[in-house]
Amino acid sequence: MKDKLKRAVETENEQELIKCLSFSNQDKFDDNSFEYIEKALIGNWHSQHEDLVNTIYLQNLRDERFVEPIVNIALDRERFRWYDDELEATLRKCVHALKTIRSDASESALEKLKDLNNDNVTFALEMWE
């Protein structure tokens, strides 16, 4: 999986990234892939930020280097979440991914998101109680 992801990120190939993130893909990401996940999270060459964040959450990927990019995705709707509707699915997934990471940095990031007084952030956090 790391090689496929590395190739997708280095060539900035959105279609290959989509294949890597596909639910039909049976390969799991491991810590050897984290560098490329981080690069994809901050990249603006694709529109797969929601799926990347969701992958972090669903595969229970824990790494501090994901925290800042996830916060940036959550806060910069114009750049990363332009397709989010009023339910803000990507924002909610950012909350879930940050809860999954379970670190001081992710908890601090969650506090920053709480300060937005956004109902979708509140709703996502309530799911963890």
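What counts and how
- Residue positions are given per chain, counted from 1 along the sequence in the order it is written.
- This being a predicted model, a pLDDT of at least 70 is required before a residue's local features are given, and a value of 80 or more before pairs of side-chain atoms are given or counted; all residues contribute to the totals for chains, interfaces and linings.
- The basis for every side-chain value is the complete set of heavy atoms in the structure, and neither hydrogens nor water enter the calculation.
- Buried Ala, Val, Leu, Ile, Met, Phe, Trp, Tyr and Cys residues form a nonpolar core when they are joined through side-chain atoms within 4.5 Å.
- Burial classes follow relative accessibility: with a 1.4 Å probe on protein chains only, a residue under 20% of its type's maximum area counts as buried, one over 50% as exposed, and anything between as partly exposed.
- Helix and strand definitions here come from DSSP, where helices need a minimum of 4 consecutive H or I residues and strands a minimum of 2 consecutive E residues; each element is numbered from the N-terminal end.
- Here, two residues are considered to be in contact whenever any of their heavy atoms come within 4.5 Å of each other.
- Each pair of aromatic rings taken from Phe, Tyr and Trp, with Trp reduced to its six-membered ring, is defined by centres within 6.5 Å and is described as stacked if the planes are under 30 degrees apart, edge-to-face if over 60, and tilted in the remaining cases.
- What the arc measures is the spread of directions leading from the helix axis to the C-beta atoms.
- The patch calculation keeps residues exceeding 30% relative accessible area without a salt bridge and links them within 9 Å when they carry like charges or within 5 Å when they are nonpolar (Val, Leu, Ile, Met, Phe, Trp, Tyr).
- For accessible areas, the Shrake-Rupley method is used with a probe of radius 1.4 Å. Any residue's cover is judged against the shown protein chains and nothing else.
- Counted as salt bridges are all cases of a side-chain nitrogen of Lys or Arg within 4 Å of a carboxyl oxygen of Asp or Glu.
- Polar contacts here mean pairs of N or O atoms no more than 3.5 Å apart (in protein, one a potential hydrogen donor and the other a potential acceptor; neighbouring residues in sequence count only if both atoms are side-chain atoms).
- The axes used here are C-alpha line fits, helices contributing only the stretch in contact, and every angle between their N-to-C directions lies in the interval 0 to 180 degrees.
- Working rule for angles: under 35 degrees goes down as roughly parallel, over 145 as roughly antiparallel, 65 to 115 as roughly perpendicular, anything else as oblique.
- Should the near helix be turned anticlockwise from the far one by less than a right angle, the crossing is termed left-handed; should it be turned clockwise, right-handed.
- Residues are grouped as follows: nonpolar covers Ala, Val, Leu, Ile, Met, Phe, Trp, Tyr, Cys and Pro; charged covers Asp, Glu, Lys and Arg; every other residue, Gly included, is treated as polar.

Structural notes on the nonpolar core
Right, so step 1: Among the nonpolar cores identified, the biggest contains 37 residues, and Ile 37, Leu 41, Phe 66 and Ile 70 are the most heavily contacted of them.
Right, so step 2: Breaking this core down by element, the ones donating at least two residues are α1 (2-10), α2 (14-21), α3 (34-42), α4 (49-58), α5 (67-75), α7 (89-101), α8 (104-114) and α9 (119-126).
Right, so step 3: The contact partners of Leu 41, leaving out residues within four places of it in the chain, are His 49, Leu 52, Val 53, Ile 56, Phe 66, Pro 69, Ile 70, Ile 73 and Phe 80.

With respect to the packing of aromatic side chains
Right, so step 1: One pass over the structure, following the stated rule, counts three aromatic pairs.
Right, so step 2: Relative to Tyr 83, the ring of Trp 82 has its centre 5.0 Å away and its plane inclined at 85 degrees; by these criteria the two rings are edge-to-face.

A few points about α3
Right, so step 1: Within the span of α3, buried status applies to Phe 34, Tyr 36, Ile 37, Ala 40 and Leu 41. All buried residues of α3 lie within an arc of 160 degrees about the axis, which places them on one face of the element.
Right, so step 2: Buried residues in α3 make contact with α1, α2, α4, α5 and α6 (77-80).

Some points on a nonpolar patch on the surface
Right, so step 1: Together, Phe 123, Met 127 and Trp 128 give the surface a local cluster of nonpolar side chains, amounting to about 310 Å² of exposed area.
Right, so step 2: Within the element layout of this structure, Met 127 appears in the segment after α9.
Right, so step 3: Owing to a relative accessible area of 52%, Met 127 belongs among the exposed residues under this scheme.

Section: the side chain of Asp 84
Right, so step 1: Structurally, Asp 84 can be placed in the loop between α6 and α7.
Right, so step 2: For Asp 84, a relative accessible area of 8% translates into the label buried.
Right, so step 3: At a separation of 3.5 Å, a polar atom in the side chain of Asp 84 contacts the main-chain amide nitrogen of Leu 91.
Right, so step 4: Leaving out residues up to four positions away in the same chain, Asp 84 has contacts with Arg 77, Ala 89, Thr 90 and Leu 91.

Side note on the packing of α5 against α7
Right, so step 1: At a closest axis distance of 9 Å, the pairing of α5 and α7 adopts a crossing angle of 160 degrees. In terms of their interaxial angle, α5 and α7 are classed as roughly antiparallel. Seen from above, α5 lies across α7 with left-handed handedness. Where α5 abuts α7, its residues Val 67, Ile 70, Val 71, Ile 73 and Ala 74 lie against Thr 90, Leu 91, Cys 94, Ala 97, Leu 98 and Ile 101.
Right, so step 2: Taken together, the residues of the contact of α5 with α7 break down into 10 nonpolar, one polar and no charged.

Geometric values such as these leave the question of function open.
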